[in-house]
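Next come the chains, spelled out residue by residue.
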Amino acid sequence: MSTLVKFKIDGVECMAERGTYIVEAARENGIYIPTLCNIRGVKPRGSCRICTVLVNSRPMSACTTPVTDGMEIINDTPEINDTRKSIIEVLFVEGNHFCPSCEKSGNCELQALAYRFQMMVPRFPYIFPNKTVDASNPKIIKDHNRCILCKRCIRAIKTDDGKNVFAFKKRGMKLEIIIDPELGDNFTDELAQKAVEICPVGAILPREKGYQIPIGKRKYDQVVIGSDIEKK
Amino acid sequence: MSKPIVATTSLAGCFGCHMSILDIDEKILDLIELVEFNKSPIDDIKTFTKKCDIGLIEGGCCNSENIHVLKDFRKNCKILVSVGECAIMGGLPALRNGIPIKECLDEAYINGPSVQHNPKGIIPNDDELPMLLDRVYPCHEIVKIDYYLPGCPPRAELIWNALVALVTGDELKLPYEVVKFD
Ligand code: SF4
Ligand code: SF4
Ligand code: FES
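Residues numbered from 1 in each chain as written. Chains lettered and ligands numbered in written order. Predicted model: local features only at pLDDT ≥ 70, side-chain atom pairs only at ≥ 80, totals over all residues. Heavy atoms only, no water.

Overview of the site of ligand 2
What counts is decided by this rule: Here a residue is near a molecule or strand as soon as one of its heavy atoms is found within 4 Å of it. Residues are grouped as follows: nonpolar covers Ala, Val, Leu, Ile, Met, Phe, Trp, Tyr, Cys and Pro; charged covers Asp, Glu, Lys and Arg; every other residue, Gly included, is treated as polar.
The environment of ligand 2 is made up of 14 residues, and the closest members are C147, C150, K151, C153 and C199 of chain A. Of the residues in the shell around ligand 2, the class split is 11 nonpolar, no polar and 3 charged.

Encoded structure:
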């Protein structure tokens, strides 16, 4: 009994296991669909919309939509890529992203996507919102200026007994991520490290460390994000 | 045919972008073959003596003088290019954007740890001094900017490629490694 389904991405015949999310199915077929809030192996949330594709002509988030038989997916067109680029630009102007002084620069997924889409300047005016830095935790620093509210930390960082360490607080433009004071104070080194790594931007930083990799050798200095998938 | 004329300025910047222009090394000899410089810290011409083709702007606008100079550049240059993060988004000077101006001045002249002697608590305020703006503005929020070269500073190769493309009309080469935000 075969559970494989056939579908097309930009006209290319692809195959994947039934129920696979489009992003994963594309990856298995050597096609990169940009993602930001998605984490491999964790239930998708579909909050950033960077992965928007056209599914049978309708815009859908590729990280939350499973492939079905005969699906026609459009991924790589100037229009779709410009929509993605505009989302990245919104994220830049909504926060305070001073890349030249950011510890995550060169390893940041938001910045890497801006490089991929050649963002020279956001098309929207800068907001320069008033945001703070929460340095109360003994192991990590939470910089709200750079947080893109992707929820990755909420979804992926849990204690051994399954409790969330991170949570949303407030609403709208004031929305921010807080660390549970008690659970956060008892962070194991591994969990703190995992939180730093799960954050796509420089909003969760390790204490007493930073700028360790020289410019030129960081993850996205020479290599375009997604090119590892496209090479296959 | 006369050479295209280039003007440059540093507004609220650190001169790093100008350093990056000089970082083209021996290509500087090609550059002076290619273009003529007018108002610029590079040749120390202080005021425009003719209309220019290309204006390179380093730094954003943090005070009234920056605005004045930027508008002067817009008036005298056919093409304006925002060079570097400060021109594009305010850069490090814009770190003050969330802080009220009074607090900034108090910190600089009265409370700051490096303030040596200011018993009367004087904050400089004179007609000769440019007024600080309420926040630091990206150049394109003040005048129309035609092109943007990101980087802190933009790689010398990016500035060179852009100048050559503007002067020759050839397509701009943008290799992945040269377009960076830091
Ligand atoms: S988090 Fe990323 S985009 Fe934001 S300042 Fe840091 S490197 Fe730049
Ligand atoms: S802290 Fe990082 S992982 Fe958490 S929501 Fe903000 S950007 Fe996403
Ligand atoms: S990656 Fe699909 S919505 Fe964020």
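Some thoughts on the sheet that holds strand 2 (residues 12–17) of chain A
Whether parallel or antiparallel, the strands of a sheet pair through hydrogen bonds between backbone atoms. Residue and element names in this part refer to chain A. Inclusion rule: Strand pairing requires that DSSP identify at least two bridges connecting the strands. Helix and strand labels come from DSSP, where a helix needs a run of H or I of at least four residues and a strand needs a run of E of at least two; each type is numbered from the N terminus. Axes, fitted as lines to C-alpha atoms, cover a helix only where it is in contact. Angles between the N-to-C directions of the axes lie from 0 to 180 degrees.
Judged by pairing direction, the sheet is mixed, and its 5 strands sit side by side in the order 2-1-5-3-4 without closing on themselves. With one partner strand each, in any of the chains shown, strand 2 and strand 4 (58–61) form the two edges of the open sheet. On average, each strand axis in the sheet is inclined to that of its neighbour by 40 degrees, with strand direction left out of account. Inspection of the sheet shows strand 3 (residues 52–55) paired to strand 5 (residues 72–74) by 2 bridges, in the antiparallel sense. Counterpart to L54 in the pairing with strand 5 is I74.

Notes on the site of ligand 1
Around ligand 1, the neighbouring residues are F92, H97, F98, C99, C102, S105, C108, L110, Q111, R146, V201 and G202 of chain A. Among the residues forming the shell around ligand 1, the class breakdown is 7 nonpolar, 4 polar and 1 charged.

Quick word on the domain arrangement of chain A
All names here are of chain A. Put simply, the rule is: Here the bounds of each domain stem from an automatic or database domain assignment. What gets called buried area is simply the loss in accessible area from a 1.4 Å probe that two parts show on being joined, summed for both.
Under the domain assignment used here, chain A contains domain 1 (9–76) and domain 2 (85–212). Here the C-alpha centre of domain 2 lies 25 Å away from the C-alpha centre of domain 1. Overall, the association of domain 1 and domain 2 removes approximately 1,200 Å² of surface from exposure, summing both partners, and the carbon and sulfur fraction of that is 67%. Ranking the residues of domain 1 by area buried against domain 2 places L36, I39 and R45 at the top, with a combined share of 45%.

Points about the interface of chain A and chain B
Let me state the cut-off plainly: Note on contacts: a residue pair is in contact if any heavy atoms of the two residues lie within 4.5 Å. Think of a salt bridge as a Lys or Arg side-chain nitrogen and an Asp or Glu carboxyl oxygen that are within 4 Å of each other.
Contact residues are listed per partner, giving 25 residues for chain A and 25 residues for chain B. Summed over both sides, the interface between chain A and chain B buries roughly 2,200 Å², with carbon and sulfur atoms accounting for 69% of that surface. Together, Y115, M120 and F128 of chain A form the three largest contributors to the area buried by chain A at its contact with chain B, with a combined 31%. Where chain A packs against chain B, one counts 1 salt bridge.

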